[in-house]
Structures are given as C-alpha cells and as structure tokens.
Amino acid sequence: MADNARAKRLADLIREVVAQKLQRGIKDPRLGTHVTITDTRVTGDLREATVFYTVYGDEEERKAAAAGLESAKGILRSEVGRAAGVKFTPTLAFVADALPDTARNIEDLLDRARQSDAKVREASAGAAYAGEADPYRKPGEDDADETDDATE
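These lines cover the structure that appears in this document, whether it is placed above or below. (Residues numbered from 1 in each chain as written. Predicted model: local features only at pLDDT ≥ 70, side-chain atom pairs only at ≥ 80, totals over all residues. Heavy atoms only, no water.)

So, the environment of Phe 88
Part 1: Relative to the helices and strands, Phe 88 is located in the loop between helix H3 (73–84) and strand E3 (91–96).
Part 2: Expressed as a C-alpha distance, the spacing of Phe 88 and Val 120, which sit 32 residues apart in the sequence, is 61 Å.
Part 3: Not counting chain neighbours up to four residues away, the residues in contact with Phe 88 comprise Leu 46, Arg 47 and Arg 77. (Helix = DSSP H or I, 4+ residues; strand = E, 2+ residues; numbered from the N terminus. Contact = heavy atoms within 4.5 Å.)

Spelled out as structure tokens, the structure:
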C-alpha cells in the first residue's frame, strides 16, 4: 500500500493531466470550456481515481458533459498513464461535484436569514423597553433601598 503523500501527488498529477487534455486534446463538443476539474482522489493502493468536475450550464449540458467524459475515459486514462509512469494506471471515475449546488443552497439560506434579520430590525426600530432601559440593579442602589427598609 502506498503512502498518503504519494497518493496525493498522483491525484494532483491526474487532475492536471485530465484538465489539460480536456482543454486542449479532446475535440468532443460536449466537453467544451464549461467543464472544470475541481478535485481528484486516489485510493491508497493507487488503483482507482475519482475525478470530481463541475459543469457551468443547465441540466442538459451537465448530462451531455457526463456522457462526454464517459466516452473520453479511455483516452484520458492513457494520457494519465503516459504522464504518471506508474506500474498500474488507475482507473478513472468521473463524479459531478456537489460543491456548487451546496454553495448555492448555503447562499439561499444566508439570504433568507438576512431578510429575516431585516424584518426584525424594522419591527424593533420604534420599540421601547418593556421596563426600564437598564433593568439591572447597581451596587449603590441596593444599599440605599435596604437601609430605608431597615430604619422604618
């Protein structure tokens, strides 16, 4: 089993090679400039690599890009084997990265929270305290009230 540093180096190499090959070497129109390789992970035995990608576009373009990546898998694996120089070239699995969708979901939640905060701010703009402005007793005030009650 390989060490983690070697797996990390191989993953970085695979990410670079696949990205360069997609940009310059593959003529598939489904894999135009809107496909971005975001991350690559390699198993500890260096036999399998998972390549995460994002596609900027609608759902139809995402499906087309996934089909294009599957059809170009053999060419990409050959290019990785040529660049890596390892005994066994890892198999490539392409997975659509959920990071953009998660980021969009978080942004929507933050926008809702900002809107809710703005509503609370508007509602409390002209509001007054239910009691006094400072409801806490001060040390000097407590002594004065207790001495008046004790002398009576």
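Observations concerning the nonpolar core
Part 1: With 24 residues, the main nonpolar core has Ile 14, Val 18, Leu 22, Leu 31, Leu 76, Leu 92 and Phe 94 as its most contacted residues.
Part 2: At the level of elements, helix H1 (4–25), strand E1 (35–42), strand E2 (48–55), helix H2 (59–71), H3 and E3 are the ones that each hand at least two residues to this core.
Part 3: Here the element with the most residues in this core is H1; it accounts for 7 residues. (Core = buried A, V, L, I, M, F, W, Y, C linked by side-chain atoms within 4.5 Å. Buried < 20%, exposed > 50% of the residue type's maximum accessible area, 1.4 Å probe, protein only.)

A closer look at the packing of aromatic side chains
Part 1: With the rule as written, the count across this model stands at 0 aromatic pairs.
Part 2: Directly above the ring of Phe 88 sits Arg 47, whose terminal nitrogen or CZ lies 4.2 Å from the centroid.
Part 3: Above the ring of Phe 88, the side-chain terminus of Arg 77 is found at 5.5 Å from the ring centroid. (Phe/Tyr/Trp six-rings, centres within 6.5 Å; stacked < 30°, edge-to-face > 60°. Lys NZ or Arg CZ within 6 Å of the ring centre and 35° of its normal.)

Some details on the sheet that holds E1
Part 1: Taking strand neighbours across the sheet as the criterion, the 3 strands line up as E1-E2-E3 in an open arrangement whose pairing is mixed. Strands at the two margins of the open sheet, each flanked by one partner only, are E1 and E3. Neighbour-to-neighbour, the strand axes of this sheet turn through a mean angle of 25°, independent of strand direction.
Part 2: The sheet contact formed by E2 and E3 spans 6 bridges and is parallel. Bridging across to E3, Val 51 finds its partner in Phe 94. (Pairing = 2+ DSSP bridges. Axes fitted to C-alpha atoms, helices over the stretch in contact; angles between N-to-C directions.)

Quick notes on the pattern of salt bridges
Part 1: Scanning all chains against the criterion turns up 9 salt bridges.
Part 2: Two residues, Asp 12 and Arg 15, come together in a salt bridge whose shortest N-O distance is 3.2 Å. Here Asp 12 pairs with Arg 15, and both are found in helix H1, just 3 residues apart, close to one helical turn.
Part 3: Here Asp 12 falls in the partly exposed class, since its relative accessible area comes to 21%.
Part 4: A relative accessible area of 25% means that Arg 15 is categorised as partly exposed.
Part 5: Across the salt bridge formed by Glu 59 and Arg 62, the nearest N and O atoms sit 3.5 Å from each other. With Glu 59 and Arg 62 both in helix H2 and 3 residues apart, this pair spans about one turn of that helix.
Part 6: Accessibility expressed as a relative area gives 46% for Glu 59, which makes it partly exposed.
Part 7: Given the relative accessible area of 28%, Arg 62 is considered partly exposed.
Part 8: One continuous salt-bridge network, built from bridges that share partners, spans Lys 8, Asp 12 and Arg 15. (Salt bridge = Lys/Arg side-chain N within 4 Å of Asp/Glu carboxyl O.)

In short, the description is geometric, and any link to function would need to be established separately.
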